Every structure is written in structure tokens, then in C-alpha cells.
Amino acid sequence: MTDRLPAPAVVEDPAPGLPGIQDRPVTELARLLRSRQLTSTDLVTACLERVTAVDPVVRAVLAVDGTARTQAGAADHRHARGRPLSPLDGIPVLVKDNIDTQGLAGTAGSRQLAGTPPDRDAEVVVRLRAAGAVILGKTNLTEWGNFRSTRGIEGWSAVGGQTRNPYDPKRSPWGSSAGSAAAVAAGMAPLAIGTETDGSLVCPAGVCGVAAIKPAPGTLPSAGVVPISVVQDTIGPLASRLEDAALCLAVLTGRPLPLDPAPPETVRVGLWHVRGMSPDAQDVAERAADRLRDAGAVVVPVELTLPRDMLVDGLDALCAEFRPSLERYLSSRRDAPATLDEIIMANRRDALEPGFFGQELFERCAALTDEDRALAIHRRRRSRRRARELLATALADHGVDVLMAATSGPAWRIGDGPDPFTRTSSTLPALAGHPNVAVPAGFVGELPVGVSLFGPPGLEALLPYALLAERCCAERRTPAVLRNAPLLRNPR
């Protein structure tokens, strides 16, 4: 698609009067809504104005919900009666466009799903609405969750084009929850919902300077979500602050989560430098470790090596799980292809879909036999068991409560072809099916770098350590798109 890499142009002050009310913590917004010092209508209007001002550059929002102000009015009525549904009542939320919303988009970034929108909400959206959250719109993503090709482009989809990093629009937002992370970073909504199979929440959060929670699979229901693997996929929130993401997840799960950081003097952290990761990212992680030490925590180095056969098992399992997972989902969509084979053929006929990369992962998955898929059950169990053993051994042998690593390197420049290979720390907790939490930690020049915390199998145990890391380590700056800086205009 030719709209991916337009010529740069200067934009004068695209969003005067920033920052705005929507940049405040969700906990504060909820208090203001309850006390009626703020209306949801005003909050939603501020978010929509930010979308209008900034999204022509960032291209994070694939579709705006035309009922958003009506939803906000209903929330204002509940607050006026003193009957809010939850702490999220009246709070605008953006939803990744591989999560079904009745009558709105639902494309997974693919033109093959861009015809008739879903007939019903995904279960997680049902929960958002039951909590009174305002569905503001849908966010762009790496097409098909970056599972179409081994040489895909993060943040690009044939439907939404190229999402860009709010800190430097010439750079990548990562993915696949690219639009969700970029939109939160640019203040288009206080909260967004994304999905992850391996890195798709924490990596865009890291390079966009926001927080994300990747819960264990099954924490939130996956019904109505375009899948890669119903075994490994998970749904999670993104927010500027980890406390807000945790509050959102607590409301959606209906169970309380800790919102206070662990006392630093009681905490032992294992610092893992991922082999082959950007030295700049490793430096940010070292600075974060120094700040934790200054606060009273103990930080020790941890060595971890991911066995190649464990990684191969994990990928083989994903490929085998993809087709049945996807086709089960497609059966719920009207006027959509019914099978993976139909999608592959439609992509071959579509001059725009091939865009910048192929569909060799699709083709590999389609070629698998029933016997291959049966063997994958064993491979999945073996990969998960070994990943869990690696984590448990690292925690026990080093006497630490949690592992911390740079999430990934800083955002790379968007080029003319596939993205460069970049190492992350997300694969081990993804294969283990354990939670992973990313928080802002520092900058390389003007580019954010996050750290991820993982290890404990339960989110309740993990969150206090992540909240401590955010409190001690987070550096925050205003993204370039919210300052009077030259911007790269990329109109739809």
C-alpha cells in the first residue's frame, strides 16, 4: 500500500491546549465522575478531540464508535442518581480491532473481514459495557496479530495502514496491539484493551512508554476474539499507569487485585539480560535495577537460556492450533470467509493485502495434517512444562521473588520492508502461560524503553513487584505528537 510511507511534512501545533483531562489517572477521573465535578460527556468529547487532533499522524484509531456520546450520557445519568456501575463507569476505552464489537469494524486488520461487522460483542466487551465503560472505538493492529508472515510489519494492516509511535512518528509502535498502546500514549483514551500471544501487549507498551498487563490465558474470556491460539492467547489492559490497568482488570475479572507496591526492603529481584537484546535497552534495565537498589530492594543478576527445541515446540503448537481456533471463530461471522484456505485464496486475489509481506505462516498452518495437529498437543504440554520449570528454577536458585528484564529495545525506524529482527523478554512467560507486566522505565534519547516483570504464576503475587518497579523506575515525558514539534503527517 502506498500510504504506508508518505513524505514527511510539518504540522503546526496539532493539539493546542494539551495536556487535557483525559491524561489524568483513571482513579482520579473516576473520583471526579462520582463527585460530578466532571461529566463523562466532557471526558469523551476531550478524547474525541484528541483523536481528531493527533490520529492523522499516529493512525492508532481504526474506527470511532458513533454512539460514544450517547453511552457517556447514560453514564452521566447513573452518576447523577448516585448509582455508578463500577469504577469504570463513564471512562472511555478503546478496543483492539480483533475483539468483536457489535456493528463496529471487527477486521483484525484484514480486508477479508472488513465487510459485515460482528453481530455481537465479545464477552470482554460485554463486561466493559456492564461496568459502564464507554466504548470509544477500535484500534489498529498488526494484521492478524502478526501471524500471517514471518516477515511482517508491526503496526501495519491493510485496513488501518501504518500506526506510528507517538514519541517519533517515523518509528514503529511495535505490535500487535500497536494502536492500543499508541492511542493511550497519545492520550486518545485513558484505557485500551489489547491481546497477546507472545509480546503483543508488553512490547508495544514498552516502546510507547505505557503500562500493560498480560494476564495468564483464560483470565478474561476469549469468546469473540480473533484467535491465533485459544491455548496461548490472552486479553489485557493498557494504561499510562499500571494502577489504572490493574483497576481495569480487577473490574473485568470481578476479583480484587493489589494496587499497592511491595515494600522495597522485602523484595529480591532477578535481573535478566536477554542475550542479543539492544545494549541500549540493557542499560535502561541496569538503571532501573540501580533505582530499585537505592529504594532498598536486592537485585541480583540471573542467567537464562531458552532451549531451541522448547521454542520450536512452541511455534509448532501455535501453527497447529491456529487453523481450528480461527475457523471456530469464523463460524460466528456473517459474510466472512469460512476457512483458512478461503482467506489464503482471497489474499492472493487482493492486490492490496500482500502489501509488504506474504502469508507463509498461513500457508504453513493450512498444510498441516490432522496427525500434525494431534502431535502438537504433546508439543504444547512439553513446551509449557519446560518454560515453567525454567522460571521456577531461576526464582529458586537465585532466591528472588520476581524476574525483571528490558521488554525490548527502543523503537526502530519504519522502513521500506519487513521489520528488523528484535529480541524481547516476552517469550518465556508466554510459553509458560504466566502473567507478564510491562512498565515504563527510561529513555534512549527520546524513545521510551520499558521493563517487564514476570516469574510468579499468579498475577496477585506479581503486581506488587511491578507496581514497585514503576514507582521507582518510571520516567515519563510528553510524546512528540503532543508537543509543538515537527510531525509526520500521514492522512487516511
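Whatever comes next refers back to the structure up there.
Caption draft 1: Focus on the packing of helix α2 (residues 40-58) against helix α3 (residues 68-80). Look at α2 against α3: their axes get within 8 Å of each other, and the N-to-C directions meet at 155 degrees. Our classification of the angle between α2 and α3 gives roughly antiparallel. Across from Ser40, Thr41, Val44, Thr45 and Leu48 in α2, the residues of α3 making contact are Ala68, Arg69, Ala72, Gly73, Ala75 and Asp76. Residues of the contact of α2 with α3, tallied by class, amount to 5 nonpolar, 4 polar and 2 charged.

Caption draft 2: Fine view of helix α10 (residues 340-349). If you check which residues of α10 are buried, you get Leu340, Ile343, Ile344, Ala346 and Asn347. Projected onto a plane normal to the axis of α10, the buried residues spread over an arc of 165 degrees and lie on a single side. Set apart from the buried face of α10 by more than 90 degrees, the exposed residues are Arg348 and Arg349. Lining the buried residues of α10 we find α9 (308-330) and α11 (360-367).

Caption draft 3: Main features of the sheet that holds strand β9 (residues 268-272). Strand order in this open sheet of 11 strands is β1-β3-β2-β6-β8-β7-β12-β13-β11-β9-β10, and the pairing throughout is mixed. The sheet is open, and its two edges are formed by β1 (61-64) and β10 (298-302), each paired on a single side. Each strand axis lies, on average, 30 degrees off the axis of its neighbour in the sheet, ignoring direction. Both strand β11 (residues 402-406) and strand β13 (residues 447-454) contribute to a ladder of 4 bridges, which runs antiparallel. If you follow Leu403 over to β13, its bridge partner there is Phe454. Relative to strand β3 (residues 134-139), α2 is tilted by about 15 degrees, and along the sheet it contacts β1, β2 (92-96) and β3.

Rules and cut-offs
- Residues numbered from 1 in each chain as written.
- Predicted model: local features only at pLDDT ≥ 70, side-chain atom pairs only at ≥ 80, totals over all residues.
- Heavy atoms only, no water.
- Axes fitted to C-alpha atoms, helices over the stretch in contact; angles between N-to-C directions.
- Helix = DSSP H or I, 4+ residues; strand = E, 2+ residues; numbered from the N terminus.
- Parallel < 35°, antiparallel > 145°, perpendicular 65-115°, else oblique.
- Contact = heavy atoms within 4.5 Å.
- Nonpolar A, V, L, I, M, F, W, Y, C, P; charged D, E, K, R; others polar.
- Buried < 20%, exposed > 50% of the residue type's maximum accessible area, 1.4 Å probe, protein only.
- Arc of directions from axis to C-beta.
- Pairing = 2+ DSSP bridges.

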